[in-house]
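Architecture at a glance
In case you want the letters, here they are:
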Amino acid sequence: MPRFPGVDYLQFDSLLTEQERLVRQTARQFVDDRVLPIIRDAFNNATFPQQLVREMADLGFLGANLEGYGCAGMNNVEYGLIMQELERGDSGLRSFASVQGALVMFPIHAYGSEEQKQRWLPKLQAGEAIGCFGLTEPGFGSNPSGMRTTAENRGSNWILNGEKTWITNGSIADVAIVWARTADGIRGFLVERGTRGYTTTDIHGKLSMRASVTSSLHFADCAIAGENQLPCAKGLKAALACLSQARFGIGWGVLGAAMDCYETARRYTLERKQFDDRPLASHQLVQEKLAWMITEISKAQLLAFHVAKLKDLGKVEAAHISMLKRNNVAIALEGARLSRDLLGANGIMDEYPIMRHMCNLETVKTYEGTEHIHTLVIGEKVTGIPAYR
Ligand SMILES: Cc1cc2nc3c(=O)[nH]c(=O)nc-3n(C[C@H](O)[C@H](O)[C@H](O)COP(=O)(O)OP(=O)(O)OC[C@H]3O[C@@H](n4cnc5c(N)ncnc54)[C@H](O)[C@@H]3O)c2cc1C
């Protein structure tokens, strides 16, 4: 398998600093050397390659854009480029890193007590502990404000009851960030694996995100100490702010899947010959598809880069990130379909990464706010009218 040369039609790399290119190269090499050789089997066998967690941690990939507590303190372009390369490997691996960094470390960093930060962040950054984020419930996906999981304050404890589902890393997590309804509104809690009344079950039968653990979390009179509440996480907006962090990473990540599909199709159509011994790439209809893919990838790169710059400046809005996530997932998914088409029958084979990316991207379209929901976020931003209900 030739090494991935990168995709750079518009001299995108000229926008990057030397350090940003170095970070990308480190992630690229990690994916080429450590992920690509094993990911097909991991996906086929529906196993998460957990042995890679410590390696990613050693490279500074976990919570990479957070400051302190052992975190790498990278800027948002560097962070995005890591997500891009990880998702070129597989969306499941990027999902792991997104959950760990943006949905577990970020809320502890942003809303936790100093004690919680000292206790968890260094371990999570080092890959010595794994985290998960429990927001979705069986009856509440796009509308988490309806959640039924409760946390009742009894003496010095909180008693949790309810169920979370579709939770990435659920059964392998040492700590779960759980969002629950209290007498004071929605709050976030840290629930440790092994706590009495807290159990997990894995979801089987997924045809997407097979190299990722997805579970349900069950709470039955689960008592946790008062100090396990995240003191500064007040209301659903705290949970949504975590999602903004993760969605930002997704907006970059899917570029990796899109690039892999594009590059696979470009190479394949140059090599495969049909009609008068001419390469597929010599036909206009084939070039039209490649032209669509490279144009959309190039536009999506610039969108991701600009949103990262806004984020570095503290000027990014949730609605900007909605545009990034919605657009980049959509073009990645469409690009995967075009790429599959260009490979003909071979396109359906697991020898090529396309169907794996395509199946994964169906999840990416749905989680962290569906395409519809991000459309409505953009609609609200430009009209002032919320149209969710
Ligand atoms: C593999 C995987 C991993 C996941 N990981 C996590 C995780 O770690 N933590 C977590 O908390 N959750 C996780 N999720 C859950 C994910 O966030 C939800 O699936 C998502 O929010 C959508 O909810 P839903 O599946 O209940 O779909 P629904 O909300 O039932 O939506 C179904 C369809 O209806 C549409 N729809 C809903 N409301 C509207 C509306 N107002 N207007 C227009 N259309 C609408 C949606 O866009 C969608 O097309 C994961 C999901 C998957 C598949």
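Going by the structure above, here's the rest.
Below or above, wherever it landed, is the structure these notes cover. (Residues numbered from 1 in each chain as written. Predicted model: local features only at pLDDT ≥ 70, side-chain atom pairs only at ≥ 80, totals over all residues. Heavy atoms only, no water.)

Regarding the site of the ligand
- The local shell around the ligand holds 16 residues, among which T136, S142, W166, T370 and Y388 are the closest.
- At 3.0 Å, a backbone N or O of L135 approaches an oxygen atom of the ligand.
- Separating an oxygen atom of the ligand from a side-chain N or O atom of H372 is a distance of 2.8 Å.
- Sorting the residues of the shell around the ligand by element identifies strand 3 (157-168), helix 9 (354-366) and helix 10 (371-383) as the ones contributing at least two each.
- Considered class by class, the residues forming the shell around the ligand number seven nonpolar, eight polar and one charged. (Near = heavy atom within 4 Å. Polar contact = N/O pair within 3.5 Å; in protein donor to acceptor, adjacent residues only side chain to side chain. Helix = DSSP H or I, 4+ residues; strand = E, 2+ residues; numbered from the N terminus. Nonpolar A, V, L, I, M, F, W, Y, C, P; charged D, E, K, R; others polar.)

Observations regarding the packing of aromatic side chains
- In the structure shown here, the tally under the stated rule is nine aromatic pairs.
- Over the ring of W120 we find K123; its NZ or CZ atom is 5.3 Å from the centre of that ring.
- It is K311 that lies over the ring of F248; its NZ or CZ is 5.2 Å from the centre. (Phe/Tyr/Trp six-rings, centres within 6.5 Å; stacked < 30°, edge-to-face > 60°. Lys NZ or Arg CZ within 6 Å of the ring centre and 35° of its normal.)

Section: the packing of helix 3 (residues 76-89) against helix 9
- With their axes 10 Å apart at the nearest point, helix 3 and helix 9 run at an angle of 125° to one another. One way to sum up the angle between helix 3 and helix 9 is to call them oblique. Residues E87, R88 and G89 of helix 3 form the contact with helix 9, whose own contacting residues are R356, H357, L361 and V364.
- Class assignment of the residues belonging to the contact of helix 3 with helix 9 gives a composition of two nonpolar, two polar and three charged. (Axes fitted to C-alpha atoms, helices over the stretch in contact; angles between N-to-C directions. Parallel < 35°, antiparallel > 145°, perpendicular 65-115°, else oblique. Contact = heavy atoms within 4.5 Å.)

A word on the pattern of salt bridges
- For the structure shown, the criterion picks out 21 salt bridges.
- Notably, a salt bridge pairs D33 with R3, separated by 2.5 Å at the nearest N-O pair. One end of the pair, D33, is in helix 1 (residues 18-44); the other, R3, is in the segment before helix 1, and 30 residues separate them in sequence.
- You can call D33 partly exposed: its relative accessible area is 32%.
- With its nearest N and O atoms 2.9 Å apart, the salt bridge here joins D13 to R24. Of the two residues, D13 sits in the segment before helix 1 while R24 sits in helix 1, which places them 11 residues apart along the sequence.
- For R24, a relative accessible area of 9% gives the class buried.
- Connected through shared salt-bridge partners, R3, R28, D32, D33, E85 and R88 make up one network. (Salt bridge = Lys/Arg side-chain N within 4 Å of Asp/Glu carboxyl O. Buried < 20%, exposed > 50% of the residue type's maximum accessible area, 1.4 Å probe, protein only.)

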